[in-house]
Amino acid sequence: MDNNSTHLQQELTYDIIIAGAGCAGLSLLYSVLQSPVLKGSKILVLDKSFEKSNDRTWCFWELNPGPFQSLVCKQWDHISIHKASFSKELATAPYSYKMIQGLDFYNHIIQYAKQFSNVIWEEAVVSSIETDGDFATVQWEGGKAKSNKVFSSILPMDTLYTISQSNISKPFLWQHFKGLLVQFESNVFNPGVARLMDFNVDQKDATGFMYLLPLNESKALVEYTLFSKTILPTQAYDIVLEAYLDKHYPNMPYQILHEELGAIPMTTQAFAKSNVPIFVIGTLGNAVKSSTGYAFHFIQEQVKQIVHQLENGAEPNTEVHYTRHQFYDAVLLYILHHNLMEGSEIFKRIFEKNNAATIFKFLSNTSNLWEDIQIMRSLPTKIFLPAAIKVLARRS
Ligand SMILES: Cc1cc2nc3c(=O)[nH]c(=O)nc-3n(C[C@H](O)[C@H](O)[C@H](O)COP(=O)(O)OP(=O)(O)OC[C@H]3O[C@@H](n4cnc5c(N)ncnc54)[C@H](O)[C@@H]3O)c2cc1C
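**Quick word on the environment of Ala 24**
(1) Moving on: Relative to the helices and strands, Ala 24 resides in helix H1 (residues 23-33).
(2) Moving on: Note: C-alpha distance between Ala 24 and Asn 317 (293 residues apart in sequence) is 15 Å.
(3) Moving on: Dropping the residues within four chain positions of it, Ala 24 is found in contact with Ser 153, Ile 281, Gly 282, Ala 287 and Ile 299.

And the structure:
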């Protein structure tokens, strides 16, 4: 990366090394630079490319304006869910459902961090991160550096595929999707309501739904999303997306402004554990909520926790999903993985019988036991209880 870029020949030592400057790495960098205690740290940021593109859109719910409120391009106070003749609109208060464009996020943090001369940028493919005790060495072609605090979010997609196909003991599903940013010539959307899940698509081989986020009356992000063991060829998403738009907005011309493809791992299997002085963050650090694929919020929680611990001279703890809610995630994944109940029916029942605030709290791991019981009462005991026992038995 231009002016701050270095090509290090010898092994330099840094206070903090951030390996991987995506959502987690940049969130951590931003938070460290905002900390009065840590902002003067000598930081090395490594990524295979700092030429960022608008490769993803992040949505999340939030109670109050968060640190990235200025980047929110749209927020909704109502969501809806649909399955056959069932349709329900829910007010999200006190939460809002928010959207941030990936590129806005990357640019915002990179521009902010470039004001700090103590941040060194290295555009390189990291080949190894190893430790022999107090320090870890990060290596790339033509250079290496060491630190006693290395934060890595490097998890190549091919490594993830290998894990998904290997004989791991925990269920593994992909949340995979293709999204189109569509612009219609006429006003067809209600921009006040985010269509969170429309299950009126084929449910034969997977839990599938349309996710439709209107940005205004004529423009929306529409994503065909599935939870399943295998990812589809791109064309397969296109066919369903086109059929859905034709069905709902017949004979209405539209233009595709942008496309987004994604595959997020859904599993309670840990990909890596932090091993002092190497700390794992982001997807590698198991920040993804395994039952939903949401990670943006949990990455922010993870980073907040790490910075707080660093400020207090404590060893960072990167765990963000704790036992009780992780157990619920494991039960749901077990049921979906073994096709014990249709995912569409599970989500329909949860949304039918609860308000959005309770569901968001539950899915944010912040619900209390009473709220957990409310959610569980929406679901059939004869399926969930044996699954819960199976999951418990596998743990012991
Ligand atoms: C298309 C898409 C949409 C998503 N939408 C949402 C959403 O709406 N809400 C939500 O909560 N979550 C969403 N997620 C899930 C999650 O929030 C993201 O995947 C998030 O980007 C994960 O952050 P991360 O830092 O772990 O990984 P990444 O953001 O992928 O960052 C990893 C970084 O490591 C770099 N890297 C990789 N290998 C190397 C190497 N060998 N050397 C150097 N650098 C390397 C990459 O270039 C990248 O910059 C989405 C995911 C995708 C893919």
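Anyway, onward from the coordinates.
**Examining the nonpolar core**
(1) Moving on: Core analysis: the largest hydrophobic core is formed by 108 residues, its most contacted members being Ile 17, Ile 18, Leu 28, Leu 29, Ile 43, Val 45 and Val 222.
(2) Moving on: In contact with Ile 18, other than residues within four places in its own chain, are Gly 25, Leu 28, Leu 29, Ile 43, Val 45, Leu 46 and Phe 151.

**Some details on the confidence of the model for the chain**
(1) Moving on: Per-residue confidence for the chain gives a mean pLDDT of 94; residues scoring 70 or more make up 97%.
(2) Moving on: Per-residue pLDDT stays below 50 along residues 1-8; that stretch engages in 16 contacts with residues further than four places along the chain or on separate chains.

**Quick look at unusual backbone geometry**
Glycine aside, the phi torsion of most residues is negative, and most peptide linkages are trans.
(1) Moving on: Of note, the bond from Ala 93 into Pro 94 is cis; its omega dihedral lies within 30 degrees of zero at 5°.
(2) Moving on: Along the chain, the position of Pro 94 falls in the loop between strand S7 (86-91) and strand S8 (96-101).
(3) Moving on: Geometrically, the link from Val 276 to Pro 277 is a cis peptide bond, its omega value of 10° lying close to zero.
(4) Moving on: Mapping Pro 277 onto the fold places it in the loop between strand S18 (254-267) and strand S19 (278-280).
(5) Moving on: The backbone phi angle of Asn 251 is positive, close to 55°, even though this residue is not glycine.
(6) Moving on: Here Asn 251 shows up in the loop between helix H4 (234-248) and S18.
(7) Moving on: Asn 251 sits in the exposed class, given 5 other C-beta atoms within 10 Å.

**A word on the sheet that holds strand S9 (residues 119-123)**
(1) Moving on: Strands sit in the order S9-S3-S2-S13-S19 across an open sheet of five strands; the sheet is parallel. Edge positions in the sheet fall to S9 and S19, since each has one partner strand and no second. Ignoring which end each strand starts from, the neighbouring axes of this sheet average 20° apart.
(2) Moving on: With three bridges connecting them, strand S2 (residues 16-19) and strand S13 (residues 150-152) associate as parallel partners. Its bridge partner being in S13, Ile 18 is matched across the sheet by Phe 151.

Definitions and cut-offs
Residues numbered from 1 in each chain as written. Predicted model: local features only at pLDDT ≥ 70, side-chain atom pairs only at ≥ 80, totals over all residues. Helix = DSSP H or I, 4+ residues; strand = E, 2+ residues; numbered from the N terminus. Contact = placed C-beta atoms within 7 Å. Core = buried A, V, L, I, M, F, W, Y, C linked by C-beta atoms within 7 Å. Buried ≥ 20, exposed ≤ 12 C-beta atoms within 10 Å, placed from the backbone. pLDDT = per-residue confidence, 0-100. Pairing = 2+ DSSP bridges. Axes fitted to C-alpha atoms, helices over the stretch in contact; angles between N-to-C directions.

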